[in-house]
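Examining the three-dimensional arrangement
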Amino acid sequence: MVESILASTPAPIPAAVPTANEPTHAVEEDVADLLEVYFELETPEERDALFDRISTSHTPLVDAFLRVMMAEDEDDYMRSAAAGELARRGDAEAITLIEADLDEPDELFFFEHAMEVLSELRGESFYDALSKIWHDPDRDADQRRAAMVGMEQIHAGRALTDFCAFVDGMHDVDALPDDQLEVAMAAFARHEHVEAVRHLEALRARILAASLDEDQRHELAGFVQEGIALLTRS
(Lines give C-alpha, C1' and ligand atoms only; values in the text may rest on other atoms or scores of the structure.)
Protein backbone atom coordinates (compact mmCIF):
# COMPACT_ATOMS: atom_id res chain seq x y z
CA MET A 1 0.00 0.00 0.00
CA VAL A 2 2.89 2.38 0.68
CA GLU A 3 4.01 1.92 -2.92
CA SER A 4 0.54 2.86 -4.20
CA ILE A 5 0.62 6.00 -2.08
CA LEU A 6 4.01 6.99 -3.39
CA ALA A 7 2.87 6.34 -6.94
CA SER A 8 -0.22 8.53 -6.54
CA THR A 9 1.61 11.43 -4.93
CA PRO A 10 1.48 14.55 -7.12
CA ALA A 11 4.75 15.71 -8.61
CA PRO A 12 6.61 18.17 -6.35
CA ILE A 13 6.50 21.87 -7.09
CA PRO A 14 9.46 22.79 -9.33
CA ALA A 15 12.31 24.51 -7.54
CA ALA A 16 11.95 27.47 -9.88
CA VAL A 17 8.55 28.21 -8.34
CA PRO A 18 9.23 28.35 -4.59
CA THR A 19 6.35 28.61 -2.10
CA ALA A 20 6.36 29.81 1.49
CA ASN A 21 5.10 26.46 2.78
CA GLU A 22 6.94 24.12 0.42
CA PRO A 23 7.81 20.90 2.32
CA THR A 24 11.47 20.04 2.45
CA HIS A 25 12.82 16.78 1.11
CA ALA A 26 13.69 15.79 4.68
CA VAL A 27 10.07 16.23 5.78
CA GLU A 28 8.85 14.02 2.92
CA GLU A 29 11.39 11.37 3.87
CA ASP A 30 10.25 11.49 7.50
CA VAL A 31 6.62 11.09 6.43
CA ALA A 32 7.50 8.18 4.16
CA ASP A 33 9.25 6.49 7.08
CA LEU A 34 6.19 6.98 9.29
CA LEU A 35 3.96 5.45 6.62
CA GLU A 36 6.18 2.39 6.47
CA VAL A 37 5.82 2.02 10.23
CA TYR A 38 2.06 2.67 10.13
CA PHE A 39 1.34 -0.30 7.89
CA GLU A 40 3.46 -2.57 10.07
CA LEU A 41 1.60 -1.79 13.29
CA GLU A 42 -0.77 -4.44 14.58
CA THR A 43 -2.92 -2.78 17.23
CA PRO A 44 -5.63 -0.15 16.53
CA GLU A 45 -4.32 1.99 19.38
CA GLU A 46 -0.87 2.21 17.84
CA ARG A 47 -2.27 2.98 14.41
CA ASP A 48 -4.56 5.67 15.82
CA ALA A 49 -1.66 7.39 17.56
CA LEU A 50 0.55 7.32 14.50
CA PHE A 51 -2.32 8.38 12.24
CA ASP A 52 -2.76 11.50 14.38
CA ARG A 53 0.94 12.24 14.05
CA ILE A 54 0.99 11.72 10.29
CA SER A 55 -2.10 13.88 9.84
CA THR A 56 -0.34 16.93 11.28
CA SER A 57 1.79 17.08 8.12
CA HIS A 58 0.30 18.94 5.16
CA THR A 59 2.27 17.48 2.29
CA PRO A 60 1.29 15.83 -1.01
CA LEU A 61 2.46 12.50 0.37
CA VAL A 62 0.14 12.73 3.36
CA ASP A 63 -2.75 13.82 1.15
CA ALA A 64 -2.19 10.72 -0.97
CA PHE A 65 -1.98 8.56 2.15
CA LEU A 66 -5.31 9.93 3.39
CA ARG A 67 -7.00 9.30 0.05
CA VAL A 68 -5.84 5.68 0.03
CA MET A 69 -6.99 5.26 3.64
CA MET A 70 -10.38 6.78 2.85
CA ALA A 71 -10.90 4.41 -0.08
CA GLU A 72 -9.19 1.19 0.97
CA ASP A 73 -8.72 0.83 4.72
CA GLU A 74 -10.55 -2.17 6.17
CA ASP A 75 -11.41 -0.25 9.34
CA ASP A 76 -14.57 1.85 8.98
CA TYR A 77 -13.36 4.20 11.69
CA MET A 78 -10.03 4.83 9.99
CA ARG A 79 -11.77 5.48 6.68
CA SER A 80 -13.95 8.00 8.46
CA ALA A 81 -10.96 9.61 10.15
CA ALA A 82 -9.16 9.94 6.83
CA ALA A 83 -12.25 11.43 5.19
CA GLY A 84 -12.57 13.90 8.04
CA GLU A 85 -8.98 15.08 7.73
CA LEU A 86 -9.27 15.41 3.95
CA ALA A 87 -12.54 17.32 4.33
CA ARG A 88 -10.77 19.77 6.63
CA ARG A 89 -8.26 20.23 3.80
CA GLY A 90 -11.06 21.07 1.37
CA ASP A 91 -11.23 17.76 -0.52
CA ALA A 92 -14.61 17.71 -2.29
CA GLU A 93 -14.98 13.91 -2.35
CA ALA A 94 -14.24 13.68 1.36
CA ILE A 95 -16.74 16.42 2.17
CA THR A 96 -19.42 14.51 0.25
CA LEU A 97 -18.68 11.37 2.26
CA ILE A 98 -18.81 13.27 5.53
CA GLU A 99 -22.13 14.86 4.56
CA ALA A 100 -23.50 11.38 3.84
CA ASP A 101 -22.56 10.30 7.37
CA LEU A 102 -24.54 13.23 8.72
CA ASP A 103 -27.65 12.23 6.76
CA GLU A 104 -27.48 8.43 6.92
CA PRO A 105 -24.91 7.37 9.51
CA ASP A 106 -24.32 3.71 10.22
CA GLU A 107 -24.07 4.54 13.90
CA LEU A 108 -23.90 7.53 16.25
CA PHE A 109 -20.08 7.73 16.16
CA PHE A 110 -20.08 8.58 12.45
CA PHE A 111 -22.87 11.10 12.89
CA GLU A 112 -21.00 12.89 15.68
CA HIS A 113 -17.76 12.80 13.69
CA ALA A 114 -19.50 14.30 10.66
CA MET A 115 -21.11 16.93 12.86
CA GLU A 116 -17.72 17.87 14.33
CA VAL A 117 -16.02 18.16 10.94
CA LEU A 118 -18.82 20.13 9.30
CA SER A 119 -19.04 22.45 12.31
CA GLU A 120 -15.35 23.24 11.87
CA LEU A 121 -15.77 23.82 8.14
CA ARG A 122 -18.97 25.86 8.18
CA GLY A 123 -19.03 27.52 11.56
CA GLU A 124 -22.19 29.38 12.52
CA SER A 125 -23.76 28.73 9.12
CA PHE A 126 -24.06 25.07 10.15
CA TYR A 127 -26.36 25.93 13.07
CA ASP A 128 -29.58 25.77 11.04
CA ALA A 129 -28.73 22.31 9.71
CA LEU A 130 -28.29 21.00 13.26
CA SER A 131 -31.48 22.73 14.38
CA LYS A 132 -33.36 20.99 11.57
CA ILE A 133 -32.00 17.62 12.73
CA TRP A 134 -33.02 18.39 16.32
CA HIS A 135 -36.59 19.17 15.28
CA ASP A 136 -36.93 16.16 12.97
CA PRO A 137 -39.15 13.57 14.71
CA ASP A 138 -37.94 10.87 12.30
CA ARG A 139 -34.35 11.26 13.46
CA ASP A 140 -32.82 8.92 16.01
CA ALA A 141 -33.15 10.27 19.56
CA ASP A 142 -29.38 10.14 20.09
CA GLN A 143 -28.80 12.18 16.95
CA ARG A 144 -31.31 14.81 18.06
CA ARG A 145 -29.60 15.18 21.42
CA ALA A 146 -26.19 15.34 19.78
CA ALA A 147 -27.46 18.04 17.45
CA MET A 148 -28.54 20.10 20.47
CA VAL A 149 -25.04 19.87 21.91
CA GLY A 150 -23.60 20.85 18.54
CA MET A 151 -25.90 23.88 18.37
CA GLU A 152 -24.67 24.99 21.79
CA GLN A 153 -21.05 24.61 20.75
CA ILE A 154 -21.52 26.57 17.52
CA HIS A 155 -23.54 29.48 18.96
CA ALA A 156 -24.32 29.22 22.67
CA GLY A 157 -26.41 32.39 22.85
CA ARG A 158 -28.70 31.37 20.03
CA ALA A 159 -28.99 27.82 21.34
CA LEU A 160 -29.95 28.97 24.84
CA THR A 161 -32.69 31.17 23.38
CA ASP A 162 -33.96 28.26 21.27
CA PHE A 163 -33.87 25.92 24.26
CA CYS A 164 -35.92 28.38 26.35
CA ALA A 165 -38.51 28.50 23.55
CA PHE A 166 -38.43 24.70 23.51
CA VAL A 167 -39.27 24.63 27.23
CA ASP A 168 -42.10 27.11 26.69
CA GLY A 169 -43.57 24.82 24.04
CA MET A 170 -43.89 21.85 26.40
CA HIS A 171 -47.63 21.78 27.05
CA ASP A 172 -48.32 18.07 26.59
CA VAL A 173 -46.53 17.15 29.81
CA ASP A 174 -47.80 13.58 29.54
CA ALA A 175 -45.36 13.18 26.62
CA LEU A 176 -42.57 15.33 28.01
CA PRO A 177 -39.36 14.91 25.96
CA ASP A 178 -37.32 14.53 29.13
CA ASP A 179 -34.17 13.40 27.33
CA GLN A 180 -33.99 16.62 25.31
CA LEU A 181 -35.05 18.68 28.31
CA GLU A 182 -32.10 17.24 30.21
CA VAL A 183 -29.72 18.40 27.45
CA ALA A 184 -31.29 21.87 27.52
CA MET A 185 -31.04 22.14 31.31
CA ALA A 186 -27.41 21.03 31.22
CA ALA A 187 -26.71 23.80 28.69
CA PHE A 188 -28.47 26.33 30.92
CA ALA A 189 -26.30 25.25 33.84
CA ARG A 190 -23.03 25.30 31.87
CA HIS A 191 -23.64 28.89 30.82
CA GLU A 192 -25.29 29.98 34.10
CA HIS A 193 -28.25 31.09 32.01
CA VAL A 194 -30.48 32.31 34.85
CA GLU A 195 -32.98 33.65 32.29
CA ALA A 196 -34.05 30.03 31.89
CA VAL A 197 -35.32 29.85 35.47
CA ARG A 198 -38.66 31.52 34.73
CA HIS A 199 -39.20 29.21 31.75
CA LEU A 200 -38.49 26.14 33.87
CA GLU A 201 -40.67 27.38 36.71
CA ALA A 202 -43.57 27.83 34.31
CA LEU A 203 -43.03 24.30 33.02
CA ARG A 204 -42.97 22.94 36.56
CA ALA A 205 -46.26 24.73 37.28
CA ARG A 206 -47.84 23.17 34.18
CA ILE A 207 -46.66 19.75 35.30
CA LEU A 208 -48.09 20.16 38.81
CA ALA A 209 -51.43 21.29 37.34
CA ALA A 210 -51.61 18.44 34.84
CA SER A 211 -53.92 15.45 35.11
CA LEU A 212 -51.20 12.92 35.73
CA ASP A 213 -50.68 10.12 38.16
CA GLU A 214 -49.49 11.74 41.39
CA ASP A 215 -46.19 9.90 41.43
CA GLN A 216 -45.51 10.77 37.80
CA ARG A 217 -46.44 14.40 38.38
CA HIS A 218 -44.08 14.79 41.32
CA GLU A 219 -41.32 12.87 39.56
CA LEU A 220 -41.44 15.16 36.52
CA ALA A 221 -41.77 18.29 38.64
CA GLY A 222 -38.78 17.16 40.70
CA PHE A 223 -36.77 16.58 37.54
CA VAL A 224 -37.42 20.15 36.38
CA GLN A 225 -36.71 21.45 39.88
CA GLU A 226 -33.25 19.94 39.67
CA GLY A 227 -32.54 22.14 36.66
CA ILE A 228 -33.89 25.18 38.49
CA ALA A 229 -31.73 24.40 41.52
CA LEU A 230 -28.60 24.31 39.37
CA LEU A 231 -29.29 27.88 38.27
CA THR A 232 -30.39 29.36 41.61
CA ARG A 233 -27.67 28.12 43.91
CA SER A 234 -25.81 31.04 45.44
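Cut-offs applied
Residues numbered from 1 in each chain as written. Predicted model: local features only at pLDDT ≥ 70, side-chain atom pairs only at ≥ 80, totals over all residues. Heavy atoms only, no water. Helix = DSSP H or I, 4+ residues; strand = E, 2+ residues; numbered from the N terminus. Buried < 20%, exposed > 50% of the residue type's maximum accessible area, 1.4 Å probe, protein only. Salt bridge = Lys/Arg side-chain N within 4 Å of Asp/Glu carboxyl O. Axes fitted to C-alpha atoms, helices over the stretch in contact; angles between N-to-C directions. Parallel < 35°, antiparallel > 145°, perpendicular 65-115°, else oblique. Left-handed = near helix turned anticlockwise from the far one by under 90°. Contact = heavy atoms within 4.5 Å. Nonpolar A, V, L, I, M, F, W, Y, C, P; charged D, E, K, R; others polar. Polar contact = N/O pair within 3.5 Å; in protein donor to acceptor, adjacent residues only side chain to side chain. Patch = residues over 30% accessible without salt bridge, like charges linked within 9 Å, V, L, I, M, F, W, Y side chains within 5 Å. Areas by Shrake-Rupley, 256 points an atom, 1.4 Å probe, with all protein chains shown as cover. Lys, Arg positive; Asp, Glu negative; His and termini not counted. Charge placed at Lys NZ, Arg CZ, Asp CG, Glu CD. Phe/Tyr/Trp six-rings, centres within 6.5 Å; stacked < 30°, edge-to-face > 60°.

With that settled, the discussion passes to the overall build of the protein chain. A tally of regular secondary structure across the protein chain gives 13 helices and zero strands. Ordering the α and β elements of the protein chain from the N terminus gives α-α-α-α-α-α-α-α-α-α-α-α-α. A buried classification covers 40% of the 234 residues belonging to the protein chain.

Before going further, it helps to examine the pattern of salt bridges. Applying the stated criterion across every chain, the model contains 14 salt bridges. The shortest N-O distance in the salt bridge between Arg89 and Asp63 comes to 2.7 Å. Here Arg89, found in the loop between α5 (76-88) and α6 (92-103), pairs with Asp63, found in helix α4 (residues 60-72); they are 26 residues apart in sequence, far enough to count as distant. When its relative accessible area of 22% is taken as the criterion, Arg89 is described as partly exposed.

The next thing to look at is the packing of helix α10 (residues 156-168) against helix α12 (residues 196-209). In the contact formed by α10 and α12, the axes pass within 9 Å of each other and the chain directions differ by 15°. Viewed along their axes, α10 and α12 adopt a mutual orientation that is roughly parallel. Considering how the two elements wind past one another, α10 and α12 form a crossing that is left-handed. Contacts from Cys164, Val167 and Asp168 in α10 reach Ala196, His199, Leu200, Leu203 and Arg206 in α12. When grouped by side-chain class, the residues that make up the contact of α10 with α12 number five nonpolar, one polar and two charged.

So, on to unusual backbone geometry. In the Ramachandran plot, Glu192 falls in the positive-phi region, its phi being about 50° despite a non-glycine side chain. Among the secondary structure elements, Glu192 is positioned in the loop between α11 (178-190) and α12.

For the rest of this paragraph, the subject is the environment of Asp140. Along the chain, Asp140 falls in the loop between α8 (127-135) and α9 (141-154). Expressed as a C-alpha distance, the spacing of Asp140 and Leu108, which sit 32 residues apart in the sequence, is 9.0 Å. Engagement of the side chain of Asp140 in a polar contact is seen with the backbone nitrogen of Asp142, the distance being 2.9 Å.

Examined against the element boundaries, Arg139 turns out to sit in the loop between α8 and α9. Separated by 2.7 Å, the side chains of Arg139 and Gln143 make a polar contact.

Next up on the list: a negative patch on the surface. On the surface, Asp178, Glu182, Asp213, Glu214, Asp215, Glu219 and Glu226 cluster together to form a negatively charged patch. At the level of elements, α11 and α13 (214-232) are the ones that each hand at least two residues to the negative patch. At four residues, the largest contribution of residues to the negative patch is made by α13. Secondary-structure assignment places Asp178 in helix α11.

This model, assessed by the stated rule, comprises nine aromatic pairs. Relative to Phe65, the ring of Phe51 has its centre 6.1 Å away and its plane inclined at 50°; by these criteria the two rings are tilted. Residue Phe51 is found in helix α3 (residues 44-55), and its partner Phe65 is found in helix α4; the two are separated by 14 residues along the sequence. On the basis of relative accessibility, which here comes to 5%, the residue Phe51 falls in the buried class. For Phe65, a relative accessible area of 0% corresponds to the buried category. Taking 5.2 Å as the distance between ring centres and 70° as the angle between the ring planes, the aromatic pair formed by Trp134 and Phe166 counts as edge-to-face. One end of the pair, Trp134, is in helix α8; the other, Phe166, is in helix α10, and 32 residues separate them in sequence. Residue classification places Trp134 among the buried positions, given a relative accessible area of 1%. What links up through ring pairs into an aromatic cluster is the set Tyr38, Phe39, Phe51 and Phe65.

These figures capture arrangement, not role.
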